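Topology and contacts: notes
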Amino acid sequence: MINSLETVALLSDPDLLAGTHELVDNSLCTEADLLVHLSEIDERKLYADRAFPSMFAFCVGELRFSEDAAYSRIMVARAARRVPAMIEATRSGQVHLTGLRLLAPHLTAENHSEVLAEATGKTKREIEELVARLAPQPAVAPTIRRLPERPAPARAEPLTLALEPAPARPPPREDHRRAIAPLAEKKYRVEFTADQELHDKLREAQDLLRHRIPDGDLACIVERALDLLIDHVKKERFGVGRKPRQPSAVAVQEEASSRHIPDAIKRKVYQRDGGRCTLVDERGRRCPATGNLEFEHVDGFALTHLHDEDRIRLLCRSHNQHAAEKTYGRAFMERARSLRVSTCSGPGRGALRAVTRQLDLLGQPTGAEGAGSKSVMCVAERSTQASHAVPVW
Ligand SMILES: [Zn+2]
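Values in this document were obtained by computation on a predicted structure and should not be read as measured data.

Looking now at the overall build of the protein chain. Scanning the protein chain from terminus to terminus reveals 18 helices and six strands. By the burial criterion, 20% of the 393 residues in the protein chain qualify as buried. In the protein chain, the share of contacts with a sequence separation of at least 24, taken over all contacts with a separation of at least 6, comes to 65%.

Take a look at the structure:
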């Protein structure tokens, strides 16, 4: 009964983490053993005796794997006959199953030690980059084309996939190409759907820059636009690149009593912390987050009303809120957040200021520091409602 929710809820934090690690270790051993068994079943073609036309159909129909899990396990199990080290890489947790599936076609008796070592501990995205380096694909030409007005009906999935001699790619997820995918070393394909407005802006930018980018290369134009956007947002949120000004005595007094952190301090903190969350856990591992960053007054602004650069640090939103929950309690912070959300969506700036004051008492960020990220979100939301498309770059 150790795994019942009620029992687990009674565990201490260290016991919960230790128990989870033990479960992961056990599941990796089971996964490795499972791959060995699947490989042997495949080799003996036992699926045919059981009225399944392929190993894939057997895995989905009899073993109840999802299509993705079946595909990954069969790919790895087959490749492991050539490169048995893949089984041990699974058992030790060196490389996860998805990573091994991506690497499988590119592993050889000669390169597997080096490649598996390089893939150790890497994310799926990082392994995709490794694969792109091992097997570079040609660059794609920039294109803009119109999508059908109505979405095409979903393609029927084949009932079975013939996995011999080479396994077919599974129909689900793999049909949806990643928005940003590595093609070769330091080369990526970027793909997204644009609405009419964004499409028109791209065309306008091409025309305006024709004297500098005669072929209207979209990658060049987007890079220039992003340079400007990044500079703008860094300036707005973190004061980076903003010219220092000599504030008046009144302004200095107002700033000291205001929650608004002076630009000079924002800039120094941002640069000192390297634009990254500064939370370091007890093992010395630092949070990798570089998005959703907020300034945290270590001593609580409500208590000190001071903006001291040595007592302000960058935290990602998640760690900032986690820290606040530890200080003030989860229930209290949830009440404060719901108050903020309901006010932000309703009564307007006066009420927002009132909530801002209340949240100041909690030493919490008010959202005023996050104005830049909102505009970026808007672009993302518009692009999801699109009828005009830019499918391939
Ligand atoms: Zn963090």
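Next comes the rest of the account.
Another aspect to go through is the pairing of strand 4 (residues 293-297). When you tally the buried positions in strand 4, you get five out of five residues, the bulk of the element. Both faces of strand 4 are covered, namely the face carrying Leu 293, Phe 295 and His 297 and the face carrying Glu 294 and Glu 296. Looking at chain direction, strand 4 and strand 5 (residues 312-316) are connected through five bridges and run antiparallel. Bridging across to strand 5, Phe 295 finds its partner in Leu 314.

Of note in the backbone geometry, Lys 45 takes a positive phi value of approximately 55° without being a glycine. Residue placement: Lys 45 occurs in the loop between helix 2 (13-44) and helix 3 (46-49). Classification of Lys 45 by C-beta neighbours within 10 Å gives partly exposed; the count is 13. Positive phi, normally seen in glycine, also occurs at His 305, with a value near 50°.

Moving on, we come to the environment of Gly 19. With respect to the helices and strands, the residue Gly 19 is situated in helix 2. Judged by the 14 C-beta atoms lying within 10 Å of it, Gly 19 is partly exposed. Sequence spacing of Gly 19 and Val 8 is 11 residues, and the spatial spacing of their C-alpha atoms is 9.4 Å.

On to the environment of Ser 113. Position of Ser 113 relative to the elements: it lies in helix 8 (residues 112-119). Remark: the alpha-carbon pair of Ser 113 and Met 86, spanning 27 residues in sequence, is separated by 9.7 Å.

A separate point is the packing of helix 2 against helix 5 (residues 67-82). Interhelical geometry of helix 2 versus helix 5 gives an angle of 80° and a closest axis separation of 9 Å. When the axis of helix 2 is compared with that of helix 5, the two are roughly perpendicular. The residues of helix 5 that touch helix 2, namely those facing Leu 34, Leu 35, Leu 38, Ser 39 and Asp 42, are Arg 73, Ile 74, Val 76, Ala 77, Arg 78, Ala 80 and Arg 81. Residues belonging to the contact of helix 2 with helix 5 are distributed by class as follows: seven nonpolar, one polar and four charged.

A separate point is helix 15 (residues 317-328). Between its terminal C-alpha atoms helix 15 stretches 16 Å, which fits the 16 Å expected from 12 residues at 1.5 Å a residue. Just downstream of helix 15 lies Gly 329, where phi reads positive at about 95°.

When strand 1 (residues 180-184) meets strand 2 (residues 187-190), the two strands line up antiparallel, connected through four bridges. In the strand pairing of strand 2, Pro 182 is matched with Tyr 188. Following strand 1, the chain reverses through two residues before pairing antiparallel with strand 2; Lys 186 in that reversal takes a positive phi of roughly 60°.

It is worth spelling out the nonpolar core at this point. Formed by 34 residues in total, the largest nonpolar core has its most connected members in Ile 74, Val 76, Ala 79, Ala 80, Met 86, Leu 100 and Leu 103. Put simply, the parts of the chain that give this core at least two residues each are helix 2, helix 4 (55-61), helix 5, helix 6 (85-91), helix 7 (97-103), helix 8 and helix 9 (124-134). Among the elements that make up this core, the one with the highest residue count is helix 5 (eight residues). For Val 76, the residues in contact, after removing those within four places along its chain, are Leu 35, Met 86, Leu 97, Leu 100, Arg 101 and Ala 104. Counting residues in hydrophobic clusters, the runner-up holds nine residues, among them Ile 261, Phe 295, Leu 314 and Cys 316.

When pLDDT is averaged across the protein chain, the result is 80; 75% of the residues are at 70 or more. Under a pLDDT of 50 for its full length, residues 171-175 has, in the predicted model, seven contacts with residues more than four places off or in other chains. Scored below 50 in pLDDT, residues 344-393 shows 81 contacts in the model against residues more than four places distant or in partner chains.

All right, on to helix 9 then. For helix 9, the complete set of buried residues consists of Ile 127, Glu 128, Leu 130 and Val 131. Viewed along the axis of helix 9, the buried residues span an arc of 160°, placing them on a single side of the element. Summarising the contacts, the buried residues of helix 9 are in contact with helix 7, helix 8 and strand 1.

Reading the values: the criteria
Residues numbered from 1 in each chain as written. Predicted model: local features only at pLDDT ≥ 70, side-chain atom pairs only at ≥ 80, totals over all residues. Helix = DSSP H or I, 4+ residues; strand = E, 2+ residues; numbered from the N terminus. Buried ≥ 20, exposed ≤ 12 C-beta atoms within 10 Å, placed from the backbone. Contact = placed C-beta atoms within 7 Å. Pairing = 2+ DSSP bridges. Axes fitted to C-alpha atoms, helices over the stretch in contact; angles between N-to-C directions. Parallel < 35°, antiparallel > 145°, perpendicular 65-115°, else oblique. Nonpolar A, V, L, I, M, F, W, Y, C, P; charged D, E, K, R; others polar. Expected span 1.5 Å × (residues − 1). Core = buried A, V, L, I, M, F, W, Y, C linked by C-beta atoms within 7 Å. pLDDT = per-residue confidence, 0-100. Arc of directions from axis to C-beta.

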